[in-house]
Amino acid sequence: MAISLIRRLIQALFVILAMTVIVFIGVSVIGNPVDILINPDANQAERLRVIAHYGLDQPLWKQYLLFLQGLTHGDFGDSFVYGRPALGLILERLPATLELAISALLIAIVIGLPLGLYAGLYPNRLSSRIIMSGSILGFSLPTFWVGLMLIMVFSVELRWLPTNGRGVTAEFLGAQWSFLTKDGLVHLLLPAFNLALFKTSLILRLTRAGVQEVLPQDYIKFARAKGLPERRIIFVHVLKNLMIPLVTIIGLEFGSLIAFSVVTESIFAWPGMGKLIIDSINLLDRPVIVAYLMMMVLLFVTLNFLIDVCYTLLDPRVRLDARA
Amino acid sequence: MSALLEVRNLATEFGAKLGLRAVNDVSFRLERGKVLGLVGESGSGKSVTGFSIMGLLDRPGRVVDGQILFDGTDLATLSDAEMRRLRGKRIAMVFQDPMMTLNPVLTVGTQMIEAVRAHDPVSKDVARQRSRDALGLVGIPSPDERLSAYPHEFSGGMRQRVAIAIALLHHPDLIIADEPTTALDVTIQSQIISEFQKLAEQSNTAVIWITHDLAIVSRLADDIAVMYAGRLVETGSVEEVLGDPRHPYTRGLIMSVPSQNHRGEPLRQIPGMTPAINRLPPGCSFRTRCEQATDACAAMPDLMSEGSRAFRCFHPVARIDA
């Protein structure tokens with residue numbers, strides 16, 4: 001176990017290193033930040049001074065090495081726009097995105113799992129068919145449109161919930177969180193629900209498919225032959241087998257919730273990382289883009305690693321050692 | 001002595017509307033401590049008969065006619081909850097494929113303890129002790145350690161022993177064994193069979209042994225019931241039926257056993273295939289494959305009794321020609 005963990009860790013480091021190259025080159029070719037950063041009225045001397053200040057006069061490979069050197073002590077460079085360390089900017093916004101993503105995931109699991117279980121156990125009931133048709137809507141309606149509709153119905157027409165922002169936040173572990181105050185929770189509700197919609201349908205359909213796959217198995221029939229109560233068959237025998245594919249998907253989807261919450265954050269003016277990255281791309285704020293992308297790489301690598309660990313806990317047939 | 005199990009005119013159907021009869025007009029009785037061999041080819045309805053008794057038919061399968069009298073109560077009329085209390089407690093079942101009958105993500109201990117506690121409100125420790133004893137009884141070495149192992153850490157034969165141990169946990173009156181040795185090696189087969197025989201004798205348990213293997217039946221069973229296309233075609237004691245079959249199908253089965261053939265001769269077989277249950281010929285279902293069929297066979301023969309045995313044929317075989 002320990003050896004394979006170390007091996008995987010080394011693999012992860014190589015993945016991250018490879019990504020730095022791709023990200024750095026990719027960002028360098030999408031445009032020259034100088035054109036946006038520098039006042040068009042500035043004279044040539046001024047231009048050269050700014051270019052030299054950001055190290056943009058160096059050849060690309062040298063810029064890359066300088067960037068790597070910075071990385072070793074956690075320095076992604078200063079934002080061109082804000083003039084502050086890029087990493088700090090992102091970490092500042094992280095709690096907002098994190099709480100949005102976690103809320104959305106919780107909503108998706110709490111709604112998707114039981115409904116999927118129900119639809120899988122009683123596939124012929126009318127209610128199951130309604131659930132399954134509803135999940136198609138959840139899949140196919142575009143997030144931005146649903147977000148606008150939610151705002152229109154719950155904020156504009158009914159005036160129940162606020163349209164944007166995080167509301168009042170409270171400090172916890174050195175960061176500001178919305179979910180700790182009543183006002184913040186009210187602000188969180190709509191964007192979280194909006195972000196959760198797609199994932200709910202995904203978990204629902206996955207759960208249903210899993211139930212239908214597990215139910216006809218001999219071991220379920222044997223569990224019935226033992227005279228077990230139906231409750232135990234469903235919540236232990238069926239559910240535990242379901243968790244294996246579900247954990248994979250939930251883990252990966254959590255990463256994508258964080259990485260791609262851009263649309264929801266934009267619609268609800270939620271001051272998270274998604275909004276920051278969109279703004280930074282528009283302004284070609286290289287250090288922020290690079291730092292953000294690297295954070296995402298790190299996030300997915302970590303999640304994949306955690307999923308693997310969960311696997312071994314859930315499925316006794318899988319052992320990390322057994323994998324080459 | 002009244003029978004432990006008496007099945008009367010059992011009929012089981014599949015198919016939502018068409019009503020495909022997988023089991024038709026099946027009747028037999030089984031006394032305590034006796035072993036009944038239920039024999040037939042694949043698709044003859046022998047497994048469905050077993051699942052009908054257990055009340056574990058896959059939907060849309062259902063019992064549409066007949067009675068299943070178990071110790072005086074008709075199982076077909078019991079509610080789901082009443083049936084659940086009986087399953088595992090008084091009627092247990094062992095399945096065909098031991099690789100599939102245990103839940104892969106739960107330890108053997110969990111699966112045994114829950115089986116104990118499904119019927120007896122005992123503590124986990126007591127349930128664990130009983131599980132360990134049951135594992136020891138079926139010949140699993142170091143049962144205490146094995147309780148915390150997962151099914152994939154057992155071989156096929158060992159898993160089947162675990163399944164048998166689970167079936168025996170509550171000392172049931174009846175065990176339905178659905179081809180429990182078919183998926184196993186011959187040597188393991190013998191061990192499992194003698195294990196079964198011993199345990200059934202000790203606790204006076206009745207067994208329905210579903211199989212297509214006549215050799216097993218001749219070793220193990222007291223009585224035999226031969227099924228073809230959902231109906232019983234011959235019943236009686238093992239000596240009578242296997243030694244002197246009356247129905248041409250039974251004779252065909254016996255002749256198909258390789259040891260009945262002589263070296264160098266082509267293996268004997270029953271010509272043709274089992275017809276699908278939705279395409280049975282009118283009259284005797286076997287007549288399309290039967291050498292002795294005549295026009296009379298266009299009508300379905302009744303089970304005709306001859307002493308303690310019965311067969312469903314207008315032209316019974318006289319004696320097996322050795």
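What counts and what doesn't
Residues numbered from 1 in each chain as written. Chains lettered and ligands numbered in written order. Predicted model: local features only at pLDDT ≥ 70, side-chain atom pairs only at ≥ 80, totals over all residues. Heavy atoms only, no water. Helix = DSSP H or I, 4+ residues; strand = E, 2+ residues; numbered from the N terminus. Rg over C-alpha atoms; globule rule 2.2 N^0.38 Å. Buried < 20%, exposed > 50% of the residue type's maximum accessible area, 1.4 Å probe, protein only. Contact = heavy atoms within 4.5 Å. Areas by Shrake-Rupley, 256 points an atom, 1.4 Å probe, with all protein chains shown as cover. Lys, Arg positive; Asp, Glu negative; His and termini not counted. Charge placed at Lys NZ, Arg CZ, Asp CG, Glu CD. Pairing = 2+ DSSP bridges. Right-handed = clockwise from strand over helix to strand, strands pointing away. Buried area = accessible area lost by both parts, 1.4 Å probe. Salt bridge = Lys/Arg side-chain N within 4 Å of Asp/Glu carboxyl O. Polar contact = N/O pair within 3.5 Å; in protein donor to acceptor, adjacent residues only side chain to side chain. Nonpolar A, V, L, I, M, F, W, Y, C, P; charged D, E, K, R; others polar. UniProt positions renumbered as here; feature names shortened; annotations may be inferred. Axes fitted to C-alpha atoms, helices over the stretch in contact; angles between N-to-C directions. Parallel < 35°, antiparallel > 145°, perpendicular 65-115°, else oblique. Left-handed = near helix turned anticlockwise from the far one by under 90°.

### Side note on the overall build of chain B
Thought 1: Looking only at helices and strands, chain B has eleven helices and twelve strands in total.
Thought 2: Taken against the 2.2 N^0.38 rule, which gives 20 Å for 322 residues, the C-alpha radius of gyration of chain B at 20 Å falls within 12% of a compact globule.
Thought 3: Counting only C-alpha atoms, chain B reaches 65 × 50 × 40 Å along its principal axes.
Thought 4: Going through the 322 residues of chain B one by one, you find that 53% of them count as buried.
Thought 5: Counted over contacts in chain B with a minimum sequence separation of 6, partners at least 24 positions apart contribute 64%.
Thought 6: Within the structure as shown, chain B displays about 14,300 Å² of accessible surface, and the carbon and sulfur contribution to it stands at 50%.
Thought 7: When the 35 basic and 38 acidic side-chain charges of chain B are each reduced to a single mean position, those positions are 3 Å apart.

### With respect to the pairing of strand E7 (residues 174-178) of chain B
Residue and element names in this part refer to chain B.
Thought 1: Along E7, five of the five residues are buried, which leaves the element largely enclosed by surrounding structure.
Thought 2: Going residue by residue along E7, you find Leu-174, Ile-176 and Asp-178 tucked away on one face and Ile-175 and Ala-177 tucked away on the opposite face as well.
Thought 3: Sheet analysis places strand E6 (residues 91-94) next to E7, joined by four bridges and oriented parallel. Along E7, the bridge assignment pairs Val-94 with Ala-177.
Thought 4: By the bridge criterion, five bridges tie E7 to strand E8 (residues 206-211) in an arrangement that is parallel. Bridge assignment links Asp-178 to a residue of E8, and that residue is Ile-210.
Thought 5: Of the crossover connections in this fold, the one passing from E7 over helix H8 (residues 186-203) to the parallel E8 is right-handed.

### Here's the deal with the interface of chain A and chain B
Accessible area lost when the parts come together is the quantity often used to give the size of an interface.
Thought 1: Residue-level contacts link 21 residues of chain A with 27 residues of chain B.
Thought 2: Summed over both partners, the interface of chain A with chain B buries about 2,200 Å², with 63% contributed by carbon and sulfur atoms.
Thought 3: The three residues of chain A that bury the most area against chain B are Lys-221, Phe-222 and Lys-226 of chain A, which together make up 31% of that side's buried surface.
Thought 4: The interface formed by chain A and chain B includes three salt bridges.
Thought 5: Linking chain A with chain B are 13 residue pairs in polar contact (both at pLDDT 80 or more).
Thought 6: Elements with a minimum of two residues in the side of chain A that touches chain B: helix H9 (218-225) and helix H10 (230-259) of chain A.
Thought 7: Its residues assigned to classes, the side of chain A that touches chain B comprises nine nonpolar, four polar and eight charged.

### Concerning the side chain of Thr-235 of chain B
Thought 1: Take Thr-235 of chain B: it is sitting in strand E10 (residues 231-237).
Thought 2: Excluding its chain neighbours within four sequence positions, the residues that come into contact with Thr-235 of chain B are Ile-224, Ala-225, Val-241, Arg-309 and Ala-310 of chain B.

### Examining the UniProt feature "transmembrane region" (unreviewed entry) in chain A
All names here are of chain A.
Thought 1: Mapped onto the present numbering, the UniProt feature "transmembrane region" (unreviewed entry) falls on residues 12-31, 100-122, 134-156, 176-198, 242-269 and 289-314.
Thought 2: Secondary structure content for residues 176-198 is 74% helix and 9% strand, while the C-alpha to C-alpha distance between its ends is 27 Å.
Thought 3: A helix fraction of 100% and a strand fraction of 0% characterise residues 289-314, whose end C-alpha atoms lie 37 Å from each other.

### A closer look at the packing of helix H1 (residues 2-29) of chain A against helix H4 (residues 60-72) of chain A
The geometry of a pair of packed helices is captured by two quantities: the angle between their axes and the separation between those axes.
Residues and elements named next belong to chain A.
Thought 1: At a minimum axis distance of 11 Å, the contact between H1 and H4 shows a crossing angle of 130°. By the angle between their axes, H1 is oblique relative to H4. As for the relative orientation of H1 and H4, their crossing is right-handed in sense. Of H4, the residues touching H1 (which contributes Leu-17, Thr-20, Val-21, Phe-24 and Ser-28) are Leu-60, Gln-63, Tyr-64, Phe-67, Leu-68 and Leu-71.
Thought 2: Classifying every residue of the contact of H1 with H4 by side-chain character gives eight nonpolar, three polar and no charged.

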